[in-house]
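The residues making up each chain are set out below.
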Amino acid sequence: MTFTQLNLHERLLRALDELGYETPTPIQNDSIPHILNKKDVLGCAQTGTGKTAAFALPILNFLLDDEKNYRKTRVLVLSPTRELAIQIRDNFRQFGKYTHFKCSVILGGVNQKSQIEVLKKGVDIIVATPGRLLDLVNQGKVDLSNVDYLVLDEADTMLDMGFIHDVRKIVNHLKKERQTMLFSATMPDAIINLVKEFLKSDHVTVKTSAISSAAPKINQELYYVDKNNKVNLLIDILKKDDIKSTLVFTRTKHGANKLSDNLSRSGIKTEVIHGNKSQNARVLALKNFKSGASKVLIATDIAARGIDINELSHVVNFEMPDMPETYVHRIGRTGRAGLEGTAISFCDIDEKKGLSEIERLIKQQLEVINHAYPMQNFTLSPKKQTGRSFNRNTASKKTSNPKNNNHKGYVGSRPRGGRRSK
Ligand code: AMP
């Protein structure tokens, strides 16, 4: 299938051609015809699958078919994070380069005055985070009565972030006879309920590759390491030559800041993004990272969702995620656009249980790498020394020699025995 065969408007095809989009991705192939056929769509797709174009292209196509309602807000896209919202707006602008539609973001964390000014002039497409949009709706600053197309993007994150009440209130301001598209990477029961609530009963479900299948081009490496040695290990890894651009995940905002301070002290320039950073600080951090001025970006899960960086060489799980699905989201940030990527996970004793859940979900065991800071509290089994060694001059030799490992250090494919994880 080509974009031309999807019956898209010539003005959109021209923009796609310039962007270098040759063939539609599976989610685009499967969703676009249904959306053009005026069906509500439930899309099960994670970031990196091309889901933005899957909804943005047919929506722009509709707007081009009916230009008389120019500058009335006919499209509303709700996004859980500011970064994702900005990215969606940028995509609409890129795809709509040869149209005259106006697409703007309504975001929290920035002064609302300029947003109100933009709204006054008329906007065809609003991409918004729910909280700020609801504020403006309540103040009577935004008119949603003409919205024909509603997109709820990353609906599962929206639920996780507690936005659902705001989303409900916003949807109450929309007309019933609209077309709704809901995208979610995971499908917990709460999402299924939302689907029943917001989508027509004859909606079409479109799925991309199952959540359990990590992208094939991602090497997934595992380092068993004690908590207090994670920083040292990360510094060693980051100093290797093949590390070009690394996204490092921490569980908490505080953890992200602390890690950044530690790395900076070792001369490694890092950027940090998380929910407590101002919008300007986040934009600057992303700019420095994308330009290569900093090769390390430290992020929390929520802040990282929706960041569009195509050429990440490495993703590091400095702390293992709480949910196994989050692991798949995280590592999906590398190995994109057909490039190879490496996902590195640091697992300490308390994280072992979560690791087992991840391996069960992805139906694969991560490759264990030997290194200079082996995990304590595991009995060695020389027979199981099948893991690769992380070649860090002197210290790594210690772990690759079983004789040196008569203490609690771990070398091998799996730790056996020892203390049970919680
Ligand atoms: P998304 O899942 O919408 O965040 O898209 C992930 C990345 O894939 C973005 O950088 C898009 O620009 C890119 N992309 C989306 N669709 C295509 C396509 N059909 N061909 C090439 N690149 C694409």
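Residues numbered from 1 in each chain as written. Predicted model: local features only at pLDDT ≥ 70, side-chain atom pairs only at ≥ 80, totals over all residues. Heavy atoms only, no water.

Engineer: Whenever I open this one, the packing of aromatic side chains confuses me. Can you help?
Structural biologist: Ring pairs (aromatic) are described by centroid distance and by the angle formed between their planes. Across all of its chains, the model carries seven aromatic pairs by this definition. Aromatic pair Phe-3 and Tyr-21: ring centres 6.4 Å apart, planes at 35 degrees, arrangement tilted. Here Phe-3 is found in the segment before helix 1 (10-19), whereas its partner Tyr-21 is found in the loop between helix 1 and helix 2 (26-36), with 18 residues between them in sequence. The class of Phe-3 is buried, set by a relative accessible area of 4%. With a centroid separation of 5.9 Å and 65 degrees between ring planes, the pair formed by Tyr-223 and Phe-346 is classed as edge-to-face. With Tyr-223 in strand 8 (residues 218-224) and Phe-346 in strand 13 (residues 341-347), this residue pair connects regions lying 123 residues apart in the sequence. Each member of the pair, Tyr-223 together with Phe-346, is buried. An aromatic cluster is present here, built from Phe-3, Tyr-21 and Phe-95 joined pairwise through their rings. A cation sits over an aromatic face here: Arg-14 above Tyr-98, 4.3 Å from the ring centre. (Phe/Tyr/Trp six-rings, centres within 6.5 Å; stacked < 30°, edge-to-face > 60°. Helix = DSSP H or I, 4+ residues; strand = E, 2+ residues; numbered from the N terminus. Buried < 20%, exposed > 50% of the residue type's maximum accessible area, 1.4 Å probe, protein only. Lys NZ or Arg CZ within 6 Å of the ring centre and 35° of its normal.)

Engineer: Where do I start with the sheet that holds strand 2 (residues 75-78) in this structure?
Structural biologist: The pairing of strands in a sheet comes from backbone hydrogen bonds and takes either a parallel or an antiparallel form. Here seven strands make up an open sheet; going across it, the order is 3-4-2-5-6-1-7 and the pairing parallel. Two strands in the sheet have a free side with no partner beyond their single neighbour: strand 3 (103-106) and strand 7 (204-207). In this sheet, adjacent strand axes meet at a mean angle of 15 degrees when their direction is disregarded. The sheet contact formed by strand 1 (residues 41-44) and strand 7 spans four bridges and is parallel. Note on strand 7: the bridge partner recorded for Leu-42 is Thr-205. (Pairing = 2+ DSSP bridges. Axes fitted to C-alpha atoms, helices over the stretch in contact; angles between N-to-C directions.)

Engineer: Can you walk me through the site of the ligand in this structure?
Structural biologist: The immediate surroundings of the ligand are formed by 16 residues, with Tyr-21, Thr-23, Gln-28, Gly-50 and Thr-52 found nearest. In the environment of the ligand, a nitrogen atom lies 2.9 Å from a nitrogen or oxygen atom belonging to the backbone of Thr-23. One of the backbone N or O atoms of Gly-50 is found 2.7 Å from an oxygen atom in the ligand. Summarising the interface, the protein chains cover 82% of the accessible area of the ligand, which totals 500 Å² for the free molecule. Split by residue class, the shell around the ligand holds three nonpolar, ten polar and three charged. Mapped onto the domain boundaries, the shell around the ligand takes at least three residues apiece from domain 1 (4-207) and domain 2 (218-404). (Near = heavy atom within 4 Å. Polar contact = N/O pair within 3.5 Å; in protein donor to acceptor, adjacent residues only side chain to side chain. Areas by Shrake-Rupley, 256 points an atom, 1.4 Å probe, with all protein chains shown as cover. Nonpolar A, V, L, I, M, F, W, Y, C, P; charged D, E, K, R; others polar. Domains from an automatic or database assignment.)

Nothing here speaks to function; it is geometry throughout.
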